[in-house]
Each structure stands twice: as C-alpha cells, then as structure tokens.
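Breakdown of the fold
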4 protein chains.
Amino acid sequence: MARTYRVVIGVMGASQCDEEIYQLARRVGALIAERGAVLLCGGRGGVMEAAARGAKEAGGLTIGILPGMNAGETPPNPYIDVAIFTGLRDGRNWINICASDAIIAIAGGYGTLSEIALALKVGKPVVLLRSWELPPREHAPLYEAQTPEQAVEMAFQLISPSVA
Amino acid sequence: MARTYRVVIGVMGASQCDEEIYQLARRVGALIAERGAVLLCGGRGGVMEAAARGAKEAGGLTIGILPGMNAGETPPNPYIDVAIFTGLRDGRNWINICASDAIIAIAGGYGTLSEIALALKVGKPVVLLRSWELPPREHAPLYEAQTPEQAVEMAFQLISPSVA
Amino acid sequence: MARTYRVVIGVMGASQCDEEIYQLARRVGALIAERGAVLLCGGRGGVMEAAARGAKEAGGLTIGILPGMNAGETPPNPYIDVAIFTGLRDGRNWINICASDAIIAIAGGYGTLSEIALALKVGKPVVLLRSWELPPREHAPLYEAQTPEQAVEMAFQLISPSVA
Amino acid sequence: MARTYRVVIGVMGASQCDEEIYQLARRVGALIAERGAVLLCGGRGGVMEAAARGAKEAGGLTIGILPGMNAGETPPNPYIDVAIFTGLRDGRNWINICASDAIIAIAGGYGTLSEIALALKVGKPVVLLRSWELPPREHAPLYEAQTPEQAVEMAFQLISPSVA
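Quick summary incoming for the structure in this document. (Residues numbered from 1 in each chain as written. Chains lettered and ligands numbered in written order. Predicted model: local features only at pLDDT ≥ 70, side-chain atom pairs only at ≥ 80, totals over all residues. Heavy atoms only, no water.)

**With respect to the packing of aromatic side chains**
The way to describe two aromatic rings as a pair is by their centre distance and the angle between their planes. For the coordinates displayed, the defined rule picks out 8 aromatic pairs over all chains. Relative to W132(C), the ring of Y110(C) has its centre 5.4 Å away and its plane inclined at 40°; by these criteria the two rings are tilted. Taken together, the residues Y110(C) in helix α4 (residues 110-121) and W132(C) in the loop between β6 (126-129) and β7 (142-145) connect sequence positions 22 residues apart. You can call Y110(C) buried: its relative accessible area is 10%. Geometry around W132(D) places R137(A) over its ring, the cationic atom sitting 4.0 Å from the centre. Lying over the aromatic face of Y110(B), R137(C) brings its terminal NZ or CZ to 5.9 Å of the ring centre. (Phe/Tyr/Trp six-rings, centres within 6.5 Å; stacked < 30°, edge-to-face > 60°. Helix = DSSP H or I, 4+ residues; strand = E, 2+ residues; numbered from the N terminus. Buried < 20%, exposed > 50% of the residue type's maximum accessible area, 1.4 Å probe, protein only. Lys NZ or Arg CZ within 6 Å of the ring centre and 35° of its normal.)

Shown next, in the form of structure tokens:
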C-alpha cells in the first residue's frame, strides 16, 4: 500500500554551535525542504534552529520535538511551525528517532550521540556530517557525508526502499 | 513576545466509533482547520481518523502522535500528514496533551479519559463533546459543548489569552 | 513457568490529603507489605507518602516512581527505599501502571484519575477506595472497596490468576 | 539533609554477551550488592542478567527497567526482584539513567552507547569496562576501569559527594 503520510528527515545537533556549523545545518534544512520532506528537529537553538531556518526559508514545514512540557520551559526557536512539547526532557531524543525516516547528525555533543545510538539500535539510517566518529560495526546503517548536499542525498537514498 | 509557532488543537477519542460520532469528529476537524489551527490527534482510526479527515478536507495540516515506534506497529490513518511515532504505547497520551493548546474530547473510552485527566492535571483546557461526565471540581478548565461549532469556538476562546 | 519477580501493588493518590485519607493509605501500605508484596507509588507526599510509610513500618519494600529527573526536582518522601527518577513529569503515570500488578486508588485528583484510566485502558485491575466515581463499563476490571482491608484483599484476588 | 533512599548503581550492557563479559558483569553485580547499593539494569539477558545474578548471589536487591509494558512482551531475567515495566521500548534507556546514581557500562552495543551518552548529557558519572571508546571531552564525568573491582570502586567514589 502506498504510504500516505509525509517523509520526515530529522536533523540532530547541539543547541549551540559556531557559524560554520550553523551554515551547514541551514543548508541541510533548505535541501530537505526543497526535496519535499518535513524537517524535524529538537526545536531549540544552534543546529536545530539553523536546520529549521533553512527549511523555512525554502518554504518547507518544520516540526520541533521539545523537551519541556510547554513553551515556558523550552521555547521553540522562531523557525518551528509545529511545536510538539513532550515533557520528557532528554527522553524526547527517543521520539526524535521514532518520528524520523532517517537522521542527519551535524557536529553535536552527547545528546546528539544518544540520538545516533538510538537510531542505530532500531536500525534507522544515520548520516554523519562533521559529527561523532564511531568505530564501524557490521550491518549498522551509518554513513558519513562531506557536504550538506551529500548528506541529504544519502538520507533520501537510504530511506527510499521503505517509503517507495 | 509574539508566538511564532502554530496553534494546535488536539482532538481525542476512541479508535472505533459509530457513524454519528464519526461525523461530529469530522466536522470538528474541519472547523479547526478553517480557523487556521493544526489538528493533532492520536493518529489512528475512529474519532482520530474522522477529525484528521475533516481537517484535511478543509485544507488543514494534520499531525498524528502514534503509540508504536513505526508504521508497521501502528499505521497512521490515511488523513495524517505528519506521523510522529513515539514507541511509548499509551504513554503517548501524555504527549498529546503537552503538544496541544487545548483539547476537544469526543465520546471516547478509557484512553480518552486518561487524556482528559492529564490535561486537567496540568491546567490545559478541555472541551467535552458527547464525552465523559465528570463531577465538577473547582478551577478545572473543563467545559461541555453541545455541537462541533460550539466545541471549536470554546477551544479557541480558552486558549486565546495564552497565544495572543 | 513460575514467576520469579515480586508482586507489586501500586497505590495511587494525590500529593496532599487530609488526615483521614492519610491513615487509610498508611493502612493500605501496611497490609500490602504484610502480604509480602512490594509497594509502588509516585514517590511524593500525601497519599503516596502515607502508603510508603505504612509499608515501611510493616517491614516492606517501597518503590517511588518520581516525575523529576533527580531529587533536586522531585525529592522522594522519606519512606521510599528505591527512587526511580524518570524525568517524564506526569508522563510517569504510565510507568506507575505498567509496573504494578494491580492498583489501589485512594481519593485523588486528576493525576489519580489518569492512572485509573490508563490502567483500565490496558486491562489492569483497579480498586477504588474513597476515590473517583466512574460510570460502569462492561468488562472493565474496576472495583470499589469500603475499607483498606477490603481494598488489599480485592487487589490480591484480582491478580492471583496472572501471578500464580 | 541526609538522603533517605538507597544508592542505586546501574549496570548497562547488551542482552547477549560472551562468557568472559558475563563473568565480569556478574562480579560487578556482586560487588555492588556487597557495598549495599541497589543493582539496576535493563532487566533482560546477557550483561543485564549477569549483573543481576551477581547481585542476587551476594544478597542484594535488583531492579529491572523493562522496555515492554508487561512480562509477555519482555520477560525479566530470573535474577530480577522488582520488574519496572515501562512500555517505552528503548525510550526506557532514559529511565535507566535518571534512576541510577552512576552507571557502569560493560561492553555493549548501540543501546549501551545511548545510555552512556544520555548519562553524560545530564552529567551523571559513567564508568566504562571493556566498553565503547569515546573521544575525550572536557568536563565529562567519563572514566575507564580495567577490572570489576576498579569499576565499582570508581562508581562509588564518583557519587560520594552527592549522596553523603
């Protein structure tokens, strides 16, 4: 049966980042939107803001999965269209993974590492861009990209069998 | 500061319902979309499907918060635009509440009752339409509507202070 | 195959209560411990404290499922042996239900109502003691007790088939 | 104020492991119990079973945080005293971290890596024993042990300020 709901690409990264990483994430967000997918992220600053901003600027739809139970606790960045408050704190990283068809991890700290690991635990494709270096393990759908263009291309390639 | 993300109205109800309730939920979904809000629901059949269908037919955006960790476990109904798989089972009811500005409960079983209760626990407005009858408690933002039009009007009235 | 892990009875109720309810909950906790079961509760004050206190005074083991992610956010009451911090806020009510073989709801507010509803949603036995009055529904394992003795007796009766 | 609830050490590792790792985990569990702490784990096989077994054999108390919502979905290993079913799937890894004062990661796959990362995200001490090698980051409370004795000694040292 044809899939009726939209493709969702998650972009994971830290809530603070330098200008270079910010621009990479913004470009990744734009490319995701241009290909018609929904941009999902953790809804906060840094890489999450940059990716959402890029997607919005390209006319896309952006979803933020927030740790707090309301905007008073964790305000969404200004580029989020739909804020899914969870009240789960960092436990929401699990939702980021379940709700994305594939994830692109950009730089990132331990929160991002937890998302990479949870994704691989359940067999969801992960594309790394200037992110954690992990020892290779057999059968893990873990790939490394050098550019935003390559990262987004890889993400779409990886999910195509499951969403065709 | 002006709120930048969209208003979300959650419609809660059982995964199975009779034709009359289905048409009420469909109308509620349509009215929510016509007023420009996002329709959020549990993503499955019955009242959830009807509300999402009504919203889609009115040109709106629909979000489904699914209990399973993927579509194999809990397929979204065909009117869901963005499927947020959670892997939390009925624990996802908590997300439904946190992510909605107000909820409209239509008929419903124990799952719906848990959502009404969780909403009131955190002070989120609840409008009942042919749903559970609960003994009144002081200060609880719990209201009863007689028609879809009244339910949606109440929901928007109740959230207006917090989203203006 | 014989079950190897211990029977767990959850006592649900509000974080504040009057003296009469406190003493009922304390007695319920004591009776649970005397029958050799583990007492599980939300770990906070009021009914949760009273039930844990009763169980401790009777030599039992007490588990508190806390909403915060650490004791700074939500300190356990002094009668909790093992504090399971969750960081899920009221989403932890779902854990209370999954982790209990049966629940006894004593008085209580909307949080307690959400726990009653979640339990019935997944078919877990609920015994009410001076708690919410709900309209009867077929096949729901929902019972009302008049005394702590009756409540605990009912809870053990209801779970016996599944733990024998 | 003196802490009233028990110290909990979490042992994280994969649900399958070889005999050497099994014996290391069993020894870690025994040492944790001998020092009077509660052994917490994910409740399943492999490293989780070994650690719980060691703790039980040493007379300790064992808690399993299970991914399923009941024993039918995810049966606890035979050395678990109290099974906390969560219905959160791998989202329960977040609970493992919040509920432990420190964690000892033994070998492990991506699930274990997610737990190491979540712990470091919230500043909880992590001791590695034959586990993931991660690039060092400033201020991360991440330590590597060579033996079960050293691992348990480190874990108790790391938590002593917060539980004294």
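**Re the relation of the copies chain A and chain B**
Each copy of the sequence occupies a distinct position, and chain A is placed on chain B by a rotation of 180° and an axial shift of 0.0 Å, giving an RMSD of 0.0 Å. Both copies are brought into coincidence by an operation consistent with a two-fold rotation axis. Minimal C-alpha separation from the rotation axis in chain A is found for I84(A), amounting to 4.6 Å. Of all interface residues in chain A, 100% are interface residues in chain B too; the two copies therefore contact each other through one and the same surface. (Least-squares fit on C-alpha atoms with pLDDT ≥ 70 in both. Contact = heavy atoms within 4.5 Å.)

**Considering the side chain of R92(B)**
Residue and element names in this part refer to chain B. Looking at the element boundaries, R92 is found in the loop between β4 (82-85) and α3 (93-98). Of the side chains with opposite charge, D90 lies nearest to the buried R92, which makes no salt bridge, at 4.3 Å. Within the structure, the side chain of R92 is placed 3.1 Å from the backbone oxygen of G42, a separation counted as a polar contact. (Lys, Arg positive; Asp, Glu negative; His and termini not counted. Salt bridge = Lys/Arg side-chain N within 4 Å of Asp/Glu carboxyl O. Polar contact = N/O pair within 3.5 Å; in protein donor to acceptor, adjacent residues only side chain to side chain.)

**Some details on the interface of chain A and chain B**
Counting residues at the interface gives 28 residues for chain A, matched by 28 residues for chain B. Summing both sides of the interface, chain A and chain B together bury roughly 2200 Å²; the carbon and sulfur share of this comes to 72%. A per-residue breakdown of the area chain A buries against chain B is headed by Y5(A), M69(A) and I84(A), which together make up 25% of the total. The interface formed by chain A and chain B contains 4 residue pairs in polar contact (both at pLDDT 80 or more). Among the elements of the structure, β2 (38-41), β3 (62-66), β4 (82-85) and α3 (93-99) of chain A are those that each provide at least two residues to the side of chain A that touches chain B. Its residues assigned to classes, the side of chain A that touches chain B shows 22 nonpolar, 4 polar and 2 charged. (Buried area = accessible area lost by both parts, 1.4 Å probe. Nonpolar A, V, L, I, M, F, W, Y, C, P; charged D, E, K, R; others polar.)

**Considering the sheet that holds strand β5 (residues 102-106) of chain B**
All names here are of chain B. Pairing in this open sheet of 7 strands is parallel, and the strands run β4-β3-β2-β1-β5-β6-β7 from one edge to the other. Since the sheet does not close on itself, it has two edges, and those belong to β4 and β7 (142-145), each with one partner. Looking at each pair of strands side by side, their axes are set apart by 25° on average, direction ignored. For strand β1 (residues 8-12) and β5, the ladder comprises 4 bridges, and the chain directions are parallel. (Pairing = 2+ DSSP bridges. Axes fitted to C-alpha atoms, helices over the stretch in contact; angles between N-to-C directions.)

**Digging into unusual backbone geometry**
For R89(A), which is not glycine, the phi torsion reads 55° and is therefore positive. By secondary structure assignment, the location of R89(A) is in the loop between β4 and α3. Despite not being glycine, R130(C) shows a phi value in the positive range, around 50°. Examined against the element boundaries, R130(C) turns out to sit in the loop between β6 and β7. Looking at R130(C), the relative accessible area reads 45%, which means it is partly exposed.

**Some details on the pattern of salt bridges**
In a structure, side chains of opposite charge can pair up when their charged atoms sit close to one another. All names here are of chain C. The full count for this structure, using the stated rule, is 36 salt bridges over all chains. In this structure, E149 and R27 form a salt bridge, with 2.7 Å as the shortest nitrogen-oxygen distance. Separated by 122 residues along the polypeptide, E149 in helix α5 (residues 148-163) and R27 in helix α1 (residues 19-34) bring together distant segments of the chain. E149 gets classed as partly exposed once you look at its relative accessible area, which sits at 37%.

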